[in-house]
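# Fold and geometry: a report
So the chains spell out like this:
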Amino acid sequence: MRTLSVAFLYRIIRLHILLLGLCTPADTNAQCCWEPLPIRGYFVTGFFPTADTGHIGGDAGIYKTTDGGNTWRLTTTDFVSAYSMGFETPARGVVVGFNGTYGVTSDGGDTWQRRSIGASTVHFMDVAVAADGLQVIVGDSSTILLSSDHGATWLKVPVTNKVRFSYCTMFDSMIAC
């Protein structure tokens, strides 16, 4: 069983606060005082592959921090429909969103490249990634897509019921949607 440190839990709580209101501690030593960041937009996803490096995405594009969220810089506006992101390693990540949005980074989120996976009418709601190359994307129209080669090829999982999947996760390559 993995134990979570207080510092890790603080970063998770901080990420949720950032996504909800985009605020940061006014004084990094005083974690009780928050002030708004000069970033505008509606952010719905975020991911910290390391303790200090994180990414947020939404209708304003994708932003990156390398100091634990104290400062953010815009890395791209090509993914204004970003809805979920995940990282296999601190360098290799993916982002998904509406209208079949699928993008990849191999340089830690400094640049992102849009890729087509043949689902331009599907709104992707979530992505889960694993270090071994397994990726799972879920969305509306009963969509579950699987890739075992870092997103190079995709398999659509047949689903008999019409549902909108909104969440997926992996535990040791076991998938839950």
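Up top is the structure.
As a starting point, this report considers the structure included with it. (Residues numbered from 1 in each chain as written. Predicted model: local features only at pLDDT ≥ 70, side-chain atom pairs only at ≥ 80, totals over all residues. Heavy atoms only, no water.)

A few words on the environment of Val 80. Mapping Val 80 onto the fold places it in the loop between strand S6 (73–76) and strand S7 (82–87). Distance in space between the C-alpha atoms of Val 80 and Gly 57 is 7.6 Å, their sequence separation being 23 residues. Discounting residues that sit within four places of it in the chain, Val 80 has contacts with Gly 58, Asp 59 and Gly 61. (Helix = DSSP H or I, 4+ residues; strand = E, 2+ residues; numbered from the N terminus. Contact = heavy atoms within 4.5 Å.)

Attention now goes to the sheet that holds strand S5 (residues 61–65). What links the strands of a sheet is backbone hydrogen bonding, and the strands pair in either a parallel or an antiparallel sense. If you walk across this open sheet you meet the four strands as S3-S4-S5-S6, and the pairing is antiparallel. Pairing within the sheet leaves two strands with one partner each, and these edge strands are strand S3 (43–47) and S6. On average, each strand axis in the sheet is tilted by 30 degrees relative to the strand beside it, whichever way the strands run. (Pairing = 2+ DSSP bridges. Axes fitted to C-alpha atoms, helices over the stretch in contact; angles between N-to-C directions.)

Position of Asn 161 relative to the elements: it lies in the loop between strand S14 (155–156) and strand S15 (169–171). It is 7.1 Å that separates the C-alpha atoms of Asn 161 and Ser 142, two residues lying 19 residues apart in sequence.

Here we take up the nonpolar core. Judged by nonpolar contacts, Val 94, Val 96, Tyr 102, Val 104, Ile 117, Ala 119, Val 122, Phe 124, Val 127, Val 129, Ile 137 and Leu 145 together constitute the single largest core of twelve residues. Those residues in contact with Val 96, other than ones at most four positions away along the chain, are Ser 81, Ala 82, Tyr 83, Ser 84, Thr 101, Tyr 102, Phe 124, Asp 126, Val 127 and Ile 137. (Core = buried A, V, L, I, M, F, W, Y, C linked by side-chain atoms within 4.5 Å. Buried < 20%, exposed > 50% of the residue type's maximum accessible area, 1.4 Å probe, protein only.)

To continue, consider the sheet that holds strand S8 (residues 93–97). One open sheet holds the four strands; their spatial order is S7-S8-S9-S10, and the pairing between them is antiparallel. What marks the edges here is a single partner per strand, and that holds for S7 and strand S10 (113–114). Where S7 meets S8, five bridges bridge the pair, whose relative direction is antiparallel. Bridge pairing links Ala 82 to Gly 97 in S8.

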